[in-house]
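Coordinate inspection notes
Residues per chain, in single letters:
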Amino acid sequence: MARHIVRALVLGALLLPVAAHAATVSAAGTFDVTAATRAYLDTLSGAARAKSDAYFEGGYWLILWGALITIASDALLLRFRLSAWMRDRAAAITAGRFRQTWITALFYTLWGMIVTLPWSIYRGFFREHQYGLSNQDFAAWALDYAKGAGIGLVLGPLGFAVLYAVIRRFPRNWWLLGTGLMGAATLLGTMIAPVYLLPLFNTFAELAPGPVRDRIVGLAQANHIPAEHIYVFDASRQSDRISANVSGLGPTNRISLNDNLLKRTTLPETAAVMGHEMGHYVMGHGLRNTLLTTLLFGVLMLGASRIVPVVVARWGARWGIRDVGDPASMPVFGIVLAALSLIAVPLQNTIIRTAESQADGFGLNAAREPDGWAQIAMKLSQYRKVEPGPIEEMLFFDHPSGATRVRMGMQWKHDHVANAQMIVPPPLAQASAAPK
Ligand SMILES: [Zn+2]
């Protein structure tokens with residue numbers, strides 16, 4: 001969950017170092033926001049734009065296929081009474097109900113990981129390579145995947161054991177306490193993530209002194225953000241995507257940038273990105289997003305608490321499930337929550353996207369680099385559809401699209417820069433030519 005939130009805050013893309021050879025084209029006159037926006041959007045065209053659109057639109061289907069595969073995997077457990085078998089094995093091993101639930105959940109989680117492994121490999125490894133978006137060989141990818149799975153095996157079954165204890169204690173209103181516990185666990189996870197979880201995947205180090213650090217420290221001080229530590233992490237071991245994020249909570253709250261951002265962007269672009277991240281920090285988006293996501297999770301749990309008992313009453317005997325508090329009912333929860341999650345995707349995207357849009361506005365005011373911002377928005381659009389329709393953006397985008405971001409930047413330039421001039425945007429580097 002912590003990783004999920006961090007991922008949601010992350011910006012990323014493939015790029016080349018771009019020479020700042022922006023030339024003034026219009027000597028005088030009024031600054032045309034629409035024309036300036038179009039000039040940037042047209043730097044992503046032809047095959048590169050088609051590839052970015054295909055990668056991102058394919059992602060819409062991944063959501064559906066992912067849910068269907070989860071549902072199929074759980075349906076197999078029910079059809080062949082395997083979850084009942086897992087529960088009986090657990091009961092043969094230990095007497096306590098909490099421990100029985102934990103062992104059943106361990107079997108259940110392992111089953112899910114094994115059955116969905118080919119899908120995970122396709123989605124996480126082959127598809128990323130197909131689009132030239134990964135720097136990892138299979139062994140490195142598999143090691144990262146195994147670490148994530150290991151964390152899932154430690155936390156998942158423990159969560160199930162607690163949830164089922166709550167279900168047995170409060171058969172009707174368990175969803176409320178369950179949601180509260182989930183929210184508390186997420187906050188704790190977010191707090192410890194920068195110290196205990198994220199270093200499992202990347203190495204974090206202090207940003208070296210120099211003009212980039214000076215610019216970031218200046219931005220931070222102007223916005224009353226502590227700037228003693230600025231962290232850089234080696235995201236290039238996974239991909240060429242540019243990324244910076246705010247992670248942690250309370251004492252562990254921090255802004256980090258990745259090495260791709262340092263290698264492949266100009267100083268104005270880096271400043272624009274860091275201004276955006278500082279917006280997240282100043283406006284407390286980590287806490288906001290966690291609370292809103294927990295609320296949404298609560299709605300899903302309420303739905304499950306009304307649907308699962310009906311399903312168990314109707315078909316439980318056929319599947320060897322005694323009641324809702326029987327850990328053999330895990331696949332029923334899995335199926336119901338996977339189906340409800342499909343409805344939750346646009347809501348979750350909107351929770352994140354609205355915070356991102358606020359951070360975009362904050363970053364423009366903080367860094368005052370509208371052209372650097374527009375260039376970054378175009379670089380990020382090399383793997384995120386640049387000009388979606390409004391409904392498409394609302395449903396599927398967890399960040400504003402490139403078109404929305406460039407337009408916001410050009411509008412800001414129009415409103416805040418005296419005598420604003422239109423520039424010729426630098427050409428976007430082809431992803432396939434990106435140096436490693
Ligand atoms: Zn952001």
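Not measured: the values here are computed from a predicted model. (Residues numbered from 1 in each chain as written. Predicted model: local features only at pLDDT ≥ 70, side-chain atom pairs only at ≥ 80, totals over all residues. Heavy atoms only, no water.)

A short note on the nonpolar core
One finds Ile167, Trp174, Val308, Ile321, Val332 and Phe333 to be the most contacted residues of the largest nonpolar core, which totals 30 residues. Of all the secondary-structure elements, those providing two or more residues to this core are α3 (46-79), α4 (82-93), α5 (97-115), α7 (138-169), α8 (174-197), α12 (285-319) and α13 (330-367). When residues of this core are assigned to their parent elements, the largest contribution, 8 residues, is made by α12. Once you skip the residues sitting within four places of it in the chain, Ile321 turns out to touch Leu78, Arg87, Val312, Gly316, Asp326, Ala328, Ser329 and Val332. Counting residues in hydrophobic clusters, the runner-up holds 23 residues, among them Ile225, Ile230, Val232 and Ala271. (Core = buried A, V, L, I, M, F, W, Y, C linked by side-chain atoms within 4.5 Å. Buried < 20%, exposed > 50% of the residue type's maximum accessible area, 1.4 Å probe, protein only. Helix = DSSP H or I, 4+ residues; strand = E, 2+ residues; numbered from the N terminus. Contact = heavy atoms within 4.5 Å.)

Some remarks on the coordination of the zinc ion
Within the first shell, the zinc ion binds the protein through His276 (NE2), His280 (NE2) and Glu356 (OE), at distances of 2.0 Å. For the zinc ion, the single-chain donor residues occur in sequence as H-x3-H-x75-E. Taken as a pair, His276 and His280 lie in helix α11 (residues 267-282) at a separation of 4 residues, close to a single helical turn. Each of the two residues, His276 as well as His280, counts as buried. (Donors = N, O, S within 2.8 Å, 3.2 Å for Na, K, Ca; no water.)

Here we look at the pairing of strand β3 (residues 244-247)
Covered by surrounding structure in β3 are Ala244 and Val246 together with Asn245 and Ser247, the residues of both alternating faces. Relative to strand β4 (residues 254-258), β3 runs antiparallel, the two being bridged by 4 bridges. Note that in β4 the partner of Asn245 across the bridge is Ser256. Here β3 hands over to β4 after 6 residues, with Gly248 in that stretch at a positive phi of 80 degrees. (Pairing = 2+ DSSP bridges.)

A look at the environment of Leu64
The topology assignment puts Leu64 in helix α3. Exposure remark for Leu64: the relative accessible area of 31% places this residue in the partly exposed category. Once the C-alpha coordinates of Leu64 and Val154 are considered, the two residues, 90 residues apart in sequence, prove to be 27 Å apart.

Brief notes about the confidence of the model for the protein
Confidence along the protein averages 90 in pLDDT terms, with 92% of residues attaining 70 or more. Mean pLDDT across the secondary structure elements of the protein bottoms out at helix α1 (residues 2-9), with 39, and peaks at α4, with 98. The low-confidence segment residues 1-28 (pLDDT under 50) makes 98 contacts with residues lying over four places distant or belonging to another chain. For residues 431-436, every residue scores under 50 in pLDDT, and the model assigns this stretch 14 contacts once sequence neighbours within four places are set aside. (pLDDT = per-residue confidence, 0-100.)

Some points on the sheet that holds strand β2 (residues 231-233)
Strand pairs in the sheet, formed through backbone hydrogen bonds, run parallel or antiparallel to each other. Strand order across the open sheet formed by 4 strands is β1-β2-β4-β3, with mixed pairing between neighbours. The open sheet has two edge strands, β1 (204-206) and β3, and neither has a second partner. Across the sheet, the axes of successive neighbouring strands diverge by a mean angle of 35 degrees, strand direction being ignored. (Axes fitted to C-alpha atoms, helices over the stretch in contact; angles between N-to-C directions.)

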